[in-house]
2 protein chains.
Amino acid sequence: MDYKTKIRVIPDFPTPGIRFKDITTLLQDGEAFQQSIDDLAAAFANENIDIVVGPEARGFAVGAPVAYKLRAGFVPIRKPGKLPGDVLRYEYSLEYGKDVLEIHRDAILPGQRVLIVDDLLATGGTAHATAKMIEQLGGEVVGLGVLIELTYLKGREIFPHYRIVSLAQY
Amino acid sequence: MDYKTKIRVIPDFPTPGIRFKDITTLLQDGEAFQQSIDDLAAAFANENIDIVVGPEARGFAVGAPVAYKLRAGFVPIRKPGKLPGDVLRYEYSLEYGKDVLEIHRDAILPGQRVLIVDDLLATGGTAHATAKMIEQLGGEVVGLGVLIELTYLKGREIFPHYRIVSLAQY
């Protein structure tokens, strides 16, 4: 499927000059949504994935169905203060400012094979933070699956040792 | 499955006196997660659901896989400013203050059959707002599926004309 025909591009969102890739038009199309989840899951079907990790919030909408399809568990990565249990906190720098993410410390067991799934790979900052958190908990990051990859931002180069699968490239 | 054995109760979160029902322990258990999605989907499998709507953010983690299983589209309901397209905005009162939710105006077509899925039914405020938005867009709300129902808050009584399915009751 040519997923680009299902993804809406919205100019100047959230700020002037950005051409925002809107996946909601893909998600709301039952056939395209089904196919996208099947394609991401199929790419990692032979990897014995125990856990799919998805960052808040669009990562939930893609990661949870991929976890379901792979018969794996789903673990959310959230903004600070959202997870009620004991959390591992990870702070990382953005171009302007910083961001903080949290994961439950008991969400991943040592040795579990983990797939990261998100809507978008841009600079790779969120995926890198997510991978670091998984590894700190003893999990083994197997790969990264995303709907969209902004190839000109070269986020892929941060992860030379993971398999990265994207369904639409810009 | 006795889902209560999979849901962790965390006292005094987010505020003292609240016994928070933490679904992350259910989601991260691959077998329990699989079964919960299958059970919610099975309850509405004969309803010809076109669209599953899930409110941000935990509603994405439950609603998206239910949509996948039902071969329906998934439509997110988000906090203000998150959706990039033309939105319908809905403001509603809480016990203290108010809340605002948004949905893309083109997310639901008139006559589409819509299932609302969320993690939790408490007072029913979010589900009620969600149903109103769907109906304003011309969709037909078929029912509500949740992992957890806080029966003592009687949220169910707001929706006497919808079918409501919950997997764990407190």
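This text follows the structure it describes.
Residues numbered from 1 in each chain as written. Chains lettered and ligands numbered in written order. Predicted model: local features only at pLDDT ≥ 70, side-chain atom pairs only at ≥ 80, totals over all residues. Heavy atoms only, no water.

Peer 1: Mind showing me how you'd approach the overall build of chain A here?
Peer 2: Of the regular secondary structure elements, chain A holds 4 helices and 9 strands. What you see in chain A, going N to C, is helices and strands ordered as β-β-α-α-β-α-β-β-β-β-α-β-β. For chain A, the C-alpha radius of gyration of 15 Å lies close to 15 Å, the compact-globule estimate for 170 residues. Principal-axis analysis of the C-alpha atoms places the extent of chain A at approximately 40 × 40 × 30 Å. Each of the 170 residues in chain A was classed as buried or not, and the buried ones make up 57%. Contacts in chain A between residues at least 24 apart in sequence constitute 56% of all its contacts with a sequence separation of at least 6. If you sum the accessible surface of chain A, you get close to 7,400 Å²; carbon and sulfur atoms cover 48% of it. In chain A, 19 side chains carry a positive charge and 22 a negative one; their mean positions are 2 Å apart. (Helix = DSSP H or I, 4+ residues; strand = E, 2+ residues; numbered from the N terminus. Rg over C-alpha atoms; globule rule 2.2 N^0.38 Å. Buried < 20%, exposed > 50% of the residue type's maximum accessible area, 1.4 Å probe, protein only. Contact = heavy atoms within 4.5 Å. Areas by Shrake-Rupley, 256 points an atom, 1.4 Å probe, with all protein chains shown as cover. Lys, Arg positive; Asp, Glu negative; His and termini not counted. Charge placed at Lys NZ, Arg CZ, Asp CG, Glu CD.)

Peer 1: What should I look at first to understand the sheet that holds strand 4 (residues 73-77) of chain A in this one?
Peer 2: Strand pairing in a sheet relies on backbone hydrogen bonds. The paired strands run either parallel or antiparallel. Residue and element names in this part refer to chain A. Strands sit in the order 4-3-7-8-9 across an open sheet of 5 strands; the sheet is parallel. Because the sheet does not close on itself, it has two edges, and the strands there are strand 4 and strand 9 (163-169). Taking each pair of neighbouring strands and ignoring which way they run, the sheet shows an average axis angle of 20°. Note: strand 3 (residues 51-55) against strand 7 (residues 113-121), 3 bridges, orientation parallel. For Val53, the partnering residue across the bridge sits in strand 7 and is Ile116. (Pairing = 2+ DSSP bridges. Axes fitted to C-alpha atoms, helices over the stretch in contact; angles between N-to-C directions.)

Peer 1: It is not clear to me how the packing of aromatic side chains should be interpreted in this structure. Could you clarify?
Peer 2: Any pair of aromatic rings gets described here by the distance separating the centres and the angle formed by the planes. Using the criterion set out here, one finds 9 aromatic pairs over all chains in the structure. For the ring pair Phe159(A) and Tyr162(A), a centre distance of 5.6 Å and an interplane angle of 20° mean the geometry is stacked. Taking the relative accessible area as the measure of exposure, Tyr162(A) reaches 11% and is therefore buried. Directly above the ring of Tyr170(A) sits Lys21(A), whose terminal nitrogen or CZ lies 5.0 Å from the centroid. In this structure, Arg163(B) is placed above the aromatic ring of Phe44(B), and the distance from its NZ or CZ to the ring centre is 4.7 Å. (Phe/Tyr/Trp six-rings, centres within 6.5 Å; stacked < 30°, edge-to-face > 60°. Lys NZ or Arg CZ within 6 Å of the ring centre and 35° of its normal.)

Peer 1: Just checking my understanding: could you explain the nonpolar core for this structure?
Peer 2: Side chains of a nonpolar character, in soluble globular proteins, are inclined to be buried together. With 66 residues, the main nonpolar core has Val52(A), Val66(A), Phe74(A), Val52(B), Val66(B) and Phe74(B) as its most contacted residues. Ignoring any residue separated from it by four or fewer positions in sequence, one finds Val52(B) in contact with Gly63(B), Val66(B), Ala67(B), Leu70(B), Ala72(B), Gly73(B), Phe74(B), Val75(B), Leu115(B) and Val117(B). (Core = buried A, V, L, I, M, F, W, Y, C linked by side-chain atoms within 4.5 Å.)

Peer 1: How do you make sense of the relation of the copies chain B and chain A when you look at a structure like this?
Peer 2: Each of the two chain copies goes to the other by way of a rotation about an axis and a shift along it. For these two chains of identical sequence, chain B goes onto chain A by a turn of 180° and a shift of 0.0 Å along the axis, with RMSD 0.0 Å. Expressed as an axis order, the relation between the two copies is that of a two-fold axis. If distances are taken from each C-alpha of chain B to the rotation axis, the shortest is found for Pro65(B), at 2.1 Å. Interface residue correspondence from chain B to chain A reaches 100%, placing this contact among same-surface, isologous pairings. (Least-squares fit on C-alpha atoms with pLDDT ≥ 70 in both.)

Peer 1: Just checking my understanding: could you explain the interface of chain B and chain A for this structure?
Peer 2: With 40 residues of chain B at the interface, the matching set in chain A holds 40 residues. At the boundary of chain B with chain A, total buried surface from both sides reaches about 3,200 Å², with 60% on carbon and sulfur atoms. Its largest share of buried area at the contact with chain A, chain B owes to Gln28(B), Tyr68(B) and Pro84(B), together 24% of the area lost on that side. Linking chain B with chain A are 2 salt bridges, by the criterion used here. Of the charged contacts, one joins Arg8(B) and Asp106(A) as a salt bridge, the two residues approaching to 2.7 Å between their closest N and O atoms. (Buried area = accessible area lost by both parts, 1.4 Å probe. Salt bridge = Lys/Arg side-chain N within 4 Å of Asp/Glu carboxyl O.)

Peer 1: Just checking my understanding: could you explain the pattern of salt bridges for this structure?
Peer 2: Oppositely charged side chains can pair when the atoms bearing their charge come close. All chains considered together, the criterion is met by 30 salt bridges over all chains. One salt bridge in this structure joins Lys69(B) and Asp38(B), with 3.7 Å as the shortest N-O distance. In this pair, Lys69(B) sits in helix 3 (residues 58-70) while Asp38(B) sits in helix 2 (residues 30-43), placing the two residues 31 residues apart along the sequence. You can call Lys69(B) partly exposed: its relative accessible area is 41%. For Asp38(B), a relative accessible area of 22% translates into the label partly exposed. Where salt bridges share partners, they join Glu47(A), Arg113(A), Glu140(A) and Arg163(A) into one cluster.

Peer 1: Mind showing me how you'd approach helix 2 (residues 30-43) of chain A here?
Peer 2: For an α-helix, the turn length of 3.6 residues means that residues three or four places apart are oriented alike. In this model, helix 2 of chain A (14 residues) spans 20 Å end to end at C-alpha, consistent with the 20 Å of a helix rising 1.5 Å per residue. Every buried residue of helix 2 of chain A is listed here: Gly30(A), Ala32(A), Phe33(A), Gln34(A), Ser36(A), Ile37(A), Leu40(A) and Ala41(A). For helix 2 of chain A, the secondary structure elements touched by its buried residues are helix 1 (24-27), helix 3 (58-70), strand 8 (140-149) and strand 9 of chain A together with helix 3 and strand 4 (73-77) of chain B. (Expected span 1.5 Å × (residues − 1).)

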